[in-house]
Amino acid sequence: TVSRSSIDESRALPSNVTHFVRTQLDSEYAADNYNRASFVEFASVMHEALQPKHKDFITATPSSEDLRTVVFYFTLGQHKGDNPFVRNIQGAQTFCQALEHTIRAWRRPISEGGMGGSPKKQFRVVLTGTDATLPSTHLDGTLTLNGGDDQYVIPSYKIGPYNYVYAASKLCQYFLVMNAVAKLS
């Protein structure tokens, strides 16, 4: 996992989880649309995750490294602070730049300046983190308790006038990541 927060050491993580603290994941872009600090932070975590010491956790079949599928989970949803919606898009852009750079290197042989891989190596990206992109017509959930005597409405978080720009920034993230994955497929 990677976030801007450190994790309390008294709360042990599973043995197959490593947490990285990175503070520049969504930092502001320079005029040339490229932020070195943010790119380096995303790329360093991706590169670390692909190292042989993590092989036990990401290898589907120990005898065949080419069969493993590495999964990157991307959740970045800024709601507050300076330009949170712009930072959502900036974070997705640098995540995608780092993903493209890292996966290409992972698939290239060492003799070609890569990480010793092969074009057969597979990866997935899972986008998580919000229901804000649900259509405004999405029905609210209900919860029934006590044999049907008590019924509660669970409001859905969906696109509406109060969160339209946030939802648009999340949809933009989906597009940017989908585009990067398509380039690598």
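All right, on to the overall build of the protein then. The secondary structure content of the protein amounts to 4 helices and 6 strands. Counting helices and strands in the order they occur from the N terminus, the protein gives β-β-α-α-β-α-β-β-β-α. Within the protein, the fraction of its 185 residues that count as buried is 35%. Considering only contacts within the protein whose residues lie at least 6 apart along the sequence, 54% involve residues at least 24 apart.

What follows covers the packing of aromatic side chains. Inspection of the entire model under this criterion finds 1 aromatic pair. Note on Phe 42 and Phe 95: the rings are 5.5 Å apart at their centroids and 80° apart in plane angle, and the pair reads as edge-to-face. Taken together, the residues Phe 42 in helix H1 (residues 36–49) and Phe 95 in helix H3 (residues 84–107) connect sequence positions 53 residues apart.

As a further point, take the pattern of salt bridges. Counted under the stated rule, the structure contains 2 salt bridges. Between Arg 104 and Glu 100 there is a salt bridge, and its shortest N-O distance comes to 3.5 Å. Placement of both Arg 104 and Glu 100 in helix H3 is noted, with a separation of 4 residues, approximately one turn of the helix. For the salt bridge of Glu 100 with Lys 183, the shortest nitrogen-to-oxygen distance reads 3.8 Å. Remark: Lys 183 occurs in helix H4 (residues 164–184) and Glu 100 occurs in helix H3; sequence separation between them is 83 residues. You can call Glu 100 buried: its relative accessible area is 15%. One network of salt bridges, with partners in common, ties together Glu 100, Arg 104 and Lys 183.

A few words now on a nonpolar patch on the surface. Where nonpolar side chains cluster on the molecular surface, the patch consists of Leu 143, Leu 145, Tyr 152 and Ile 154 and spans about 350 Å² of accessible area. Elements with a contribution of two residues or more to the nonpolar patch: strand E5 (141–145) and strand E6 (150–154). Its place among the elements puts Leu 143 in strand E5. Among the residues examined, Leu 143 registers a relative accessible area of 39% and is labelled partly exposed.

Here we come to the packing of H1 against H3. When two helices pack together, their arrangement is given by the angle between the helix axes and the distance between those axes. Contact geometry of H1 with H3 gives a least axis separation of 8 Å together with a crossing angle of 45°. Judged by the inter-axis angle, H1 sits oblique to H3. Helix-helix and strand crossings are classified by hand; for H1 and H3 the assignment is right-handed. Of the residues in H3, those touching H1 at Ser 38, Phe 39, Phe 42, Ala 43, Met 46 and His 47 are Gly 91, Thr 94, Phe 95, Gln 97, Ala 98, Leu 99, His 101 and Thr 102. Split by residue class, the contact of H1 with H3 holds 7 nonpolar, 7 polar and no charged.

On to the confidence of the model for the protein. Where the model shows low pLDDT, its predicted coordinates should not be examined in detail. Per-chain confidence: the protein averages 76 in pLDDT, with 81% of residues scoring 70 or above. Counting contacts from residues 57–63, a segment whose pLDDT is below 50, to residues more than four positions away or on other chains yields 12 contacts.

Considering the arrangement of structural elements, one finds Ala 167 in helix H4. On the basis of relative accessible area, Ala 167 is assigned to the buried category, the value being 0%.

Quick look at H1 now. Its 14 residues give H1 an end-to-end C-alpha distance of 20 Å, which sits within 8% of 20 Å, the value for a rise of 1.5 Å per residue. When H1 is considered as a whole, its buried residues turn out to be Ser 38, Phe 39, Glu 41, Phe 42, Ala 43, Val 45 and Met 46. Residues of H1 that are buried make contact with strand E1 (2–3), strand E2 (20–21), strand E3 (69–74) and H3.

Cut-offs and rules
Residues numbered from 1 in each chain as written. Predicted model: local features only at pLDDT ≥ 70, side-chain atom pairs only at ≥ 80, totals over all residues. Heavy atoms only, no water. Helix = DSSP H or I, 4+ residues; strand = E, 2+ residues; numbered from the N terminus. Buried < 20%, exposed > 50% of the residue type's maximum accessible area, 1.4 Å probe, protein only. Contact = heavy atoms within 4.5 Å. Phe/Tyr/Trp six-rings, centres within 6.5 Å; stacked < 30°, edge-to-face > 60°. Salt bridge = Lys/Arg side-chain N within 4 Å of Asp/Glu carboxyl O. Patch = residues over 30% accessible without salt bridge, like charges linked within 9 Å, V, L, I, M, F, W, Y side chains within 5 Å. Areas by Shrake-Rupley, 256 points an atom, 1.4 Å probe, with all protein chains shown as cover. Axes fitted to C-alpha atoms, helices over the stretch in contact; angles between N-to-C directions. Parallel < 35°, antiparallel > 145°, perpendicular 65-115°, else oblique. Left-handed = near helix turned anticlockwise from the far one by under 90°. Nonpolar A, V, L, I, M, F, W, Y, C, P; charged D, E, K, R; others polar. pLDDT = per-residue confidence, 0-100. Expected span 1.5 Å × (residues − 1).

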